[in-house]
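# Architecture and fold: a report
Below, each chain spelled out in residue letters.
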Amino acid sequence: MAREWRRRLRRWHGWRRAPEPGERGARFAGRSVAAQVFALQLAIVLLLVMAGAALLAWQARAADVRSARDRSLACAGTLAAAPSTAAALRSARPTAALQPVSLRARDACGIDFVAVLDDDGVRLSDPLTALIGRRAAGDFSRALAGETYLEHFRGEPTDSVRAVAPVRDSDRKVVGLVTAGVDLATVADRLDGELPWVGVGAVGALLPAAAGAGLISRRLKRQTRGLGPTEVTRMYEHHDAVLHAVREGVLVLDADRRLLLANDEALRLLGLPAGAQGQRIGALRLPSGVGALLVSGRTATDEVHPVGERLLAVNQRTTGGDGDPSGTVTTLRDTTELRDVAGQAEVAAERLELLYTAGLHVGTTLDVERTAEELAEVAVDRFADVVSVDLLDPVIEGEEPLPDPTTATVRRVALRSAVGDHPLQPLGSRPRIPPVAFRATGGTVEVAPVFEPDLAAATEWRRVDPEGAAHILSAGFHSRITVPLRARGTVLGLASFWRRDQRPYQPEDLASAQELVARTAVCVDNARRYAREHGMAVTLQRSLLPGGLPEQNAVDAAYRFVPAQAAGVGGDWFDVLPLPGARVALVVGDVVGHGLHAAATMGRLRTAVHNFSSLDLPPDELLAHLDELVVRIDQDPTRGPETETVTGATVLYVLYEPATGQCHLAGAGHPPPALARPDGTTAYLDVPANLPLGLGTSPFETRTLTVPEGSRLVLYTDGLIRSRGRDLDERLETLLEAVARTGRDPDETCGALLEALLPGRSHTGRDDIALLVAVTRRLPPDRVAEWEVPSDPEAVGRVRSACMDQMTAWGLQETAFTAELVLSELITNAVRYGAPPITVRLLCDRYLTCEVSDSSSTAPHLRRATTVDEGGRGLFLIAQLAQHWGTRYGPHGKTIWAEMPLTDSAEDEAPWT
C-alpha cells in the first residue's frame, strides 16, 4: 500500500509520466551536465596528478644527485685530510698502503669509487685495479692549486658525480689528490627503483579524487532530481499558487521602481487596483510612509507604517547581483491586532530592562552616597527626567537611623538631570520632607509612596515649599513619584522621580519605582553598616599604629602607611624603636588577612615586639619568642571556632648600631629590605629565609653586615610590590630603580616609591602598604670611648679616673659624679664575678651610656638586701641612680649597661651632624 501511494505521488508530481517531445533532450542535457562536470573534474585531477608525479620524479632525481655530491665531497675531503694519506703518498709503496684504505672509505661512504692520485694525476689506488698506474682523465689544476671542488665528470671509465680534494703534507704542500664519486648510472638505477612508488602514489591520489568527483556528480544529480522543463514549469505554477494564498503581502519591484508582482494580500492591504502590475510605484498614490519606502528602495526591517486604520509591518530587501540593476522585494504584514499587546509587552520589557540595569549598576561600592548616585544614573533618561535622593543624616554618617524619621533632617546626596537647568534644590542642600511622605497616624509613623500624575492639580505637595513648587511648575514638570528608601523596616531617606519631557507617570510606573528604590535601599543599608564597621576597624588600626617616629639619632627615618582601599583594614605595621647604646630597631610586619581580627593581631604583635626589644634580645631570639607567642595565641582554648589563626604573619627586624655601623637582620617570611649605598648602588639584602611566624619548624637566623654611613634602608610590606597581573621580579626591579633615582632624603624616597609602584593610586584591589625608609648615621668617634680593664681590683680606680676625664672633656661634670658611682660598681662586679677580657665603653648620645662587658654569661640579679647582708646593694644603687639599666647578651659574653640623662649640655641632645 505504501509503495502504491509513493507511485501515485510521483505520478502526480510528473516524475514518472511519459516524456513529451523535446523533454528527453532536456533530461539528457541535464544528466550530461553532471557527466560533463564529472569528466572535467577527472581530467583536471589527472593532469594535476601527472604533473605532481613528474615533479616528484624530478625532485627524487635531484635529491639523489645532491646526496651523491654530498657523500662524495665528504668522503674525498675526509680521506684527503687524513695524515696517513699524505704519509702513504711519501712511502716507497703507496699503492699497497692506499688501496685498502680507499676501498674501506668507498664502502663506508656508500659511493661507487674512491681513488688516490699523485700530483701528476696517476692513480695509486682505485676500485678497478686495472686502472692503477694509469693517469686519470680530467683537469686537476684546481685541486693542485689547493681547492676542493665537485664536478659532473663525463669520460672514461664512466660518467659520474665526482669530488676532488688535494692531499697536503705537513708543509701544506699538495702531494696528491683524492677523487670520490658516484656513477650517474647508479643514480639512474636508484631513480628507477623509486619511480614505481611515485606511480603508486599517483594512482593512490587519483582514485580518491575520482571518487570525490563521482560523489559530487551524484549529489548534483540528486539535488536537481532530473527535472525537465515541464517539471520546472509546474514548480513555478505551485509557487504562484502559494504566493497568492499566503496571508502576507508581497511586492516585487524592478530597478525602475515598476511593480512587477503583487499578490492578492498586498493588493488588499494597500488598496491597489487589479491592473497595478506594470505601473510605476509613484503613480499608484500610496500612503506617504509606505510609498516613500518603496520609492527609496532602502533596506527595512519590521518598520511599522499606518495605512488607513491598519498598522503594517514592512520588510524590504534589494535584489540583483553585483553590477546588475537593483530591484526590491517587499513584504507587508498586518499588525493592527497586535498593537495593544505589543504596547503592554514593551512597557513590561522596559520595566524589566530598568530593573536589570539597576541590578548591575546599583550597589557596586560600599559607599552610601555613591550608591544613591548610581540610582540616579540608572533612572535618568530611562525612567525620569530628573532624580533626587535625600538621605537621613544618621544614615550618611553610618549610624542607626532614628525610629521616627520625621524628627531627623535629610541631606540631598544625589541629583541628576537629563533636561539641563531645573529649579530643584542643589546637591548638598537640606530640603524639607514632604508631609505626604511621612504620616503620623495613631502614634506611629506611616511611610507611603507618593504618586502624583498631575502636579498642577495636586495641592498638598505645594504646602511644604510654595515658592519652590511654583518654580517647578513653571519649568514644565508635570508628574512626580516619591518613594521612601526602606530596608529591614527602617526608613533611610527618600527618592523622587520627576518628569518634564516624557509622558506623565502611569499607575503601573509606581510599581517600577518601588521595586527600583527597594533594591537601592538594601544596598544603601549594606553600605551604611559597612561604613560603621569599617570606621571602627580603621579607628582601631590607626590607634594601634605609631602616631609618629620617636626621637633618636641613629637614623633619619620617614614612613608611609597606605590602607587598603576595598579589602578593608589589614594587619600591616611598622615601628622605629630606640634601644640602649644609641642603637635603633627598625621593624616592619604583616598579618595575613583583613578586618578587625587582623588589626587586633597586629596590635598584639607590635606590643610583643616592644616588650621583647626592651629586654635587649638579639634579632633571632626576639623572633623566636614572637613565634612562640603566635603559637600560644593559636592554641588558646578560649578562642572561638570562628576566630582566624595568626599563622601567616611575617616580620622583618633590623637592628642598627651607629657606633660600629653594623646592621643585624632577621626575618620571618618577609620580603627582603633594599639598601641604597651613598655611591648610588642599590641591592636587596640577603636576609636568612626563615619561615613565617607560627610554623615553629626551624630556628631563626640572623645576618650581620656593615653599611656605610648615609645608606638608605628601605623596609616594606608585600602590598607595595605585589600587584594583580604584574610580575613580581619586575616590581622588585622597579623598586630598586625608583630608590636609585631619588636623593638621600627619606621622605622624598617614600614619595618616589609610591609614585613608581602605585601610579595614580588607582589600584583599588591592593593590600595595605607599610613603607619605612631610614638613612643611617654614624656616632662620631669623639663621642665613643673604650678601655680594656685588667682582671685586677687595683685597675678599677685607673679606669674610673680615665672615664671621669672623658666625661669632663664632654662637658658632663654634673653627670660625672653619678656616672662615677655607677661605673665603679659595674667595673668592680665585672672584675670580681666576670671573666676576662673586660671592657668599658662610654657613649655620649641623647643619653650617657655606660657599658661594661665581660666574657661570662652569668647575669646579675637585682635584689633588696637585708640589714645584716654584706652585699647585694650594688645593682639596687645602679637602678636608683640610672634612668635605665639592663643586660645584653652577645656571642662572646654579656654587657651590662646603664643610661643617664645629659644634664649639662642641651647641645648634646641634638642630632649628629
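The rules behind each value
Residues numbered from 1 in each chain as written. Predicted model: local features only at pLDDT ≥ 70, side-chain atom pairs only at ≥ 80, totals over all residues. Heavy atoms only, no water. UniProt positions renumbered as here; feature names shortened; annotations may be inferred. Helix = DSSP H or I, 4+ residues; strand = E, 2+ residues; numbered from the N terminus. Buried < 20%, exposed > 50% of the residue type's maximum accessible area, 1.4 Å probe, protein only. Contact = heavy atoms within 4.5 Å. Areas by Shrake-Rupley, 256 points an atom, 1.4 Å probe, with all protein chains shown as cover. Phe/Tyr/Trp six-rings, centres within 6.5 Å; stacked < 30°, edge-to-face > 60°. Axes fitted to C-alpha atoms, helices over the stretch in contact; angles between N-to-C directions. Parallel < 35°, antiparallel > 145°, perpendicular 65-115°, else oblique. Left-handed = near helix turned anticlockwise from the far one by under 90°. Nonpolar A, V, L, I, M, F, W, Y, C, P; charged D, E, K, R; others polar. Pairing = 2+ DSSP bridges. Salt bridge = Lys/Arg side-chain N within 4 Å of Asp/Glu carboxyl O. Polar contact = N/O pair within 3.5 Å; in protein donor to acceptor, adjacent residues only side chain to side chain.

Within an unreviewed UniProt entry, the label attached to the protein chain reads protein-serine/threonine phosphatase, and the organism entered is Streptomyces diacarni. Quoted verbatim from the Subcellular location (unreviewed entry) field of UniProt, the annotation for the protein chain is "Cell membrane". Comment text from UniProt for the protein chain, heading Catalytic activity (unreviewed entry), reads "O-phospho-L-seryl-[protein] + H2O = L-seryl-[protein] + phosphate".

## Some words on the overall build of the protein chain
Of the regular secondary structure elements, the protein chain holds 21 helices and 32 strands. The buried share of the protein chain, reckoned over its 913 residues, is 42%. Long-range pairs, those at least 24 residues apart, make up 61% of the contacts in the protein chain with a sequence separation of at least 6. In the structure as shown, the protein chain presents an accessible area of about 46700 Å², 54% of it carried by carbon and sulfur atoms.

## Considerations on the packing of aromatic side chains
Counted according to the given criterion, the structure contains four aromatic pairs. Here the aromatic rings of Phe383 and Phe497 are separated by 5.5 Å at their centres, their planes lie at 85°, and the arrangement is edge-to-face. Residue Phe383 is found in the loop between α11 (368–379) and β11 (386–392), and its partner Phe497 is found in strand β17 (residues 490–499); the two are separated by 114 residues along the sequence. What makes Phe383 buried here is its relative accessible area of 4%. Using a relative accessible area of 0% as the deciding quantity, one classes Phe497 as buried. Taken together, a centroid distance of 4.6 Å and an interplanar angle of 35° make the contact between Tyr559 and Phe574 tilted.

## Focus on the environment of Leu177
Mapped onto the secondary structure, Leu177 falls in strand β5 (residues 174–183). Judged by relative accessible area, which is 0%, Leu177 ranks as buried. Residues Leu177 and Ala165, spaced 12 residues apart in sequence, show a C-alpha to C-alpha distance of 5.8 Å.

## What to know about the packing of helix α15 (residues 596–614) against helix α16 (residues 619–634)
In contact at an axis separation of 10 Å, α15 and α16 are set at 140° when each is read in the N-to-C sense. Taken together, the axis directions place α15 and α16 in an arrangement best described as oblique. Between α15 and α16 lies a crossing of right-handed hand. The residues of α16 that touch α15, namely those facing Arg604, Leu605, Ala608, Val609, Phe612 and Ser613, are Leu622, His625, Leu626, Leu629, Val630 and Ile633. Taken together, the residues of the contact of α15 with α16 break down into nine nonpolar, two polar and one charged.

## Re the environment of Pro208
Along the chain, Pro208 turns up in helix α6 (residues 184–224). Considering only alpha carbons, one finds Pro208 and Val45, 163 residues apart in sequence, at a separation of 10.0 Å.

## So, the pairing of strand β30 (residues 847–854)
Most of β30 is tucked away: seven of the eight residues are buried. Relative to β30, strand β29 (residues 838–844) is paired through six bridges, and the arrangement is antiparallel. Across the sheet, Cys844 pairs through a bridge with Leu848, a residue of β30. Counted between consecutive antiparallel strands, the loop separating β29 from β30 contains two residues. Here β30 pairs with strand β32 (residues 893–901) via eight bridges, running antiparallel. For Asp854, the partnering residue across the bridge sits in β32 and is Lys894.

## Topic: the pattern of salt bridges
The final tally for this structure, using the stated rule, is 33 salt bridges. Glu147 is the salt-bridge partner of Arg142, the closest N and O atoms lying 3.0 Å from each other. A salt bridge links Asp686 to Arg703; the shortest N-O distance between them is 3.0 Å. On the criterion of sequence distance, the pair formed by Asp686 in the loop between β24 (682–684) and β25 (703–706) and Arg703 in strand β25 is long-range, its members being 17 residues apart. Each of the salt bridges in this network shares a partner with another, and the network as a whole consists of Arg583, Asp616, Arg841, Glu851 and Arg888.

## With respect to the side chain of Thr895
Within the element layout of this structure, Thr895 appears in strand β32. The buried category is assigned to Thr895, whose relative accessible area is 11%. Within polar-contact distance, the side chain of Thr895 engages the side chain of Ser853 at 2.7 Å. Once residues within four sequence positions are removed from consideration, Thr895 is found in contact with Glu851, Val852, Ser853, Gly886, Thr887 and Arg888.

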